[in-house]
Amino acid sequence: LGWVALDLEIESRFGIRLGDERIARVITLRDLLREAIAAAAEAPTGVRRTETGGSDLGQRSLAIRVVAACLFTLDHVLIRILFRLQIEGANRIPVTGPVVIAPNRASWLDPLVVVAALPPRRLRKLWFAGWTGLMYRGPMSRLFSRIIGILPVDPDRAVETTLALARRALARGDALVWFPEGQRTTTGEIQPLRPGVGAVLASLDV
């Protein structure tokens, strides 16, 4: 995570990203400078293709935004009717500006409940952190993830890419839903929190 934080800081100050492969080759300060210079030469603008299907976080088309709005509206109606959802303190959620929502995780329905609880205005620029093993394992799941706005999270690799995407979303004022436990609880007790999103929040006013 120290390396991830350093990479994010380099990107913030100089507009370049080293990435997992370059960081793995760094042992000395001279190595770091060499890799940074090479990264700047290869991608002067700091833009890199990602698993979300576009440069940076991309600009979702009008059709995708319309489909997402329909799905969010359907979710909103069904969750509130079927489960009689009651919400307290919704007025404390900022209507604009970057915000991280970090719920505990006890059910597969939790993301649907979060969507139903949020003000409609926050849903326009909302991103979820989602496990690649489930949300990016095939063409249909990739399409669904792009519509809903799911950032790929791979616990075994590409941690730097995931955190950079999350940081970029927050830096432009979007909302991010991140389940910091990384798994569902089977006992009702909160599981140990994983440090990933902390590395993002440490350098941003969110």
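Everything discussed here concerns the structure shown above.
It should be emphasised that the depicted structure is a prediction, and the values quoted were computed from it without experimental measurement.

Another aspect to go through is the nonpolar core. Within the largest apolar cluster, 19 residues are counted, with the highest numbers of intra-cluster contacts made by Leu126, Phe128 and Val177. Those elements giving two or more residues to this core turn out to be α4 (62-82), β1 (99-101), α5 (110-117), β2 (126-131), α7 (139-148) and β4 (175-177). With 3 residues, α4 is the single largest residue contributor to this core. Ignoring anything within four residues of it in the chain, the contact list for Val177 reads Ile101, Pro103, Val114, Leu126, Trp127, Phe128 and Ala129. Among the nonpolar cores identified, the runner-up in size contains 16 residues, and Val4, Leu163, Leu165 and Val197 belong to it.

Attention shifts here to helix α3 (residues 29-42). With 14 residues, α3 should cover 20 Å at 1.5 Å per step; its first-to-last C-alpha distance of 20 Å lies within 8% of that length. Listed as buried for α3 are Asp31, Leu32, Glu35, Ala36 and Ala39. Viewed along the axis of α3, the buried residues span an arc of 130°, placing them on a single side of the element. What points out from α3, more than 90 degrees from its buried face, is the exposed set Arg30, Ile37 and Ala41.

Let's shift gears to the packing of α4 against α7. At their nearest, the axes of α4 and α7 sit 8 Å apart, and the two run at 85° to each other. With respect to α7, the element α4 is oriented roughly perpendicular. Contacts from Ile64, Val67, Ala68, Leu71 and Phe72 of α4 reach α7 at Phe144, Arg146, Ile147 and Ile148. In the contact of α4 with α7, the residues fall into 8 nonpolar, no polar and 1 charged.

Packing of α4 against α5 leaves a shortest axis separation of 8 Å and a crossing angle of 100°. Regarding the angle of α4 to α5, the classification is roughly perpendicular. Between α4 and α5, the contacting residues are Phe72, Asp75, His76, Ile79 and Arg80 on the first element and Leu112, Val113, Val115, Ala116 and Ala117 on the second. In terms of residue class, the contact of α4 with α5 is made up of 7 nonpolar, 1 polar and 2 charged.

What follows deals with a nonpolar patch on the surface. Where nonpolar side chains cluster on the molecular surface, the patch consists of Leu74, Val77, Leu78, Ile81, Leu82, Phe83, Leu109 and Leu112 and spans about 750 Å² of accessible area. When residues of the nonpolar patch are assigned to their parent elements, the largest contribution, 5 residues, is made by α4. Topologically, Ile81 is positioned in helix α4.

Before going further, it helps to spend a moment on the pattern of salt bridges. With the rule as written, the count across this model stands at 5 salt bridges. Arg22 is paired through a salt bridge with Glu35; the nearest N and O atoms lie 2.8 Å apart. Highlighted residues: Arg22 in helix α2 (residues 19-24) and Glu35 in helix α3, separated in sequence by 13 residues. For Glu35, a relative accessible area of 9% corresponds to the buried category. Salt bridges sharing common partners tie together Arg22, Arg25 and Glu35.

A sheet is described by the order of its strands in space; here 4 strands give the open sequence β1-β4-β2-β3, paired in parallel fashion. This sheet does not close on itself; its edge strands, each paired only once, are β1 and β3 (150-153). When strand polarity is set aside, the average angle formed by the axes of neighbouring strands in this sheet is 25°. Both β2 and β4 contribute to a ladder of 3 bridges, which runs parallel. The residue of β4 that forms the bridge with Phe128 is Val177.

Rules behind the numbers
Residues numbered from 1 in each chain as written. Predicted model: local features only at pLDDT ≥ 70, side-chain atom pairs only at ≥ 80, totals over all residues. Heavy atoms only, no water. Core = buried A, V, L, I, M, F, W, Y, C linked by side-chain atoms within 4.5 Å. Buried < 20%, exposed > 50% of the residue type's maximum accessible area, 1.4 Å probe, protein only. Helix = DSSP H or I, 4+ residues; strand = E, 2+ residues; numbered from the N terminus. Contact = heavy atoms within 4.5 Å. Expected span 1.5 Å × (residues − 1). Arc of directions from axis to C-beta. Axes fitted to C-alpha atoms, helices over the stretch in contact; angles between N-to-C directions. Parallel < 35°, antiparallel > 145°, perpendicular 65-115°, else oblique. Nonpolar A, V, L, I, M, F, W, Y, C, P; charged D, E, K, R; others polar. Patch = residues over 30% accessible without salt bridge, like charges linked within 9 Å, V, L, I, M, F, W, Y side chains within 5 Å. Areas by Shrake-Rupley, 256 points an atom, 1.4 Å probe, with all protein chains shown as cover. Salt bridge = Lys/Arg side-chain N within 4 Å of Asp/Glu carboxyl O. Pairing = 2+ DSSP bridges.

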